[in-house]
Amino acid sequence: MMRNVKSHGVDCRRLLRGKDRSALAELLAHRRKMLGELQAVSGIDPANAIQAVQDELAIIEAGLEELKPPPGRLPENEWG
């Protein structure tokens, strides 16, 4: 289900294979911050960059969802 996406040198697929929840969570927080900053930009049209970040957010969120343990079970490697 996870598409192969590289963003700023970060391979989301590698993070998913490695079940690296904390790295995916950090990447998600960074992209959300970046999206807010792009949406506040004036003087240029950041529409393409905003769309790219939104696409990355959807992929990262899907990866985190895939790593979510079944209900009632603790994760193998907790978020931190």
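Up top you'll find the structure we're talking about.
No experiment lies behind these values; they were computed from the predicted model shown.

## Some words on helix α3 (residues 47–67)
- Helix length check: α3, at 21 residues, gives a terminal C-alpha distance of 30 Å against a target of 30 Å (1.5 Å per residue), a fit within 8%.
- Residues of α3 that are buried include every one of I50, V53, E56, L57, I59, I60, G63, L64 and L67, and no others.

## Things to note about the nonpolar core
- Ranked by size, the top nonpolar core spans 13 residues in total, and within it L24, L28, L35, V53, L57, I60 and L64 carry the most contacts.
- For this core, the secondary structure elements donating two or more residues are α2 (21–39) and α3.
- In this structure, L35 is in contact with I50, V53, Q54 and L57, ignoring residues within four places of it in sequence.

## Considering the pattern of salt bridges
- Using the criterion set out here, one finds four salt bridges in the structure.
- Here R31 makes a salt bridge to E56, at a shortest N to O gap of 2.4 Å. Here R31, found in helix α2, pairs with E56, found in helix α3; they are 25 residues apart in sequence, far enough to count as distant. Of the two residues examined, R31 and E56, each falls in the buried class.

Conventions we followed
Residues numbered from 1 in each chain as written. Predicted model: local features only at pLDDT ≥ 70, side-chain atom pairs only at ≥ 80, totals over all residues. Heavy atoms only, no water. Helix = DSSP H or I, 4+ residues; strand = E, 2+ residues; numbered from the N terminus. Expected span 1.5 Å × (residues − 1). Buried < 20%, exposed > 50% of the residue type's maximum accessible area, 1.4 Å probe, protein only. Core = buried A, V, L, I, M, F, W, Y, C linked by side-chain atoms within 4.5 Å. Contact = heavy atoms within 4.5 Å. Salt bridge = Lys/Arg side-chain N within 4 Å of Asp/Glu carboxyl O.

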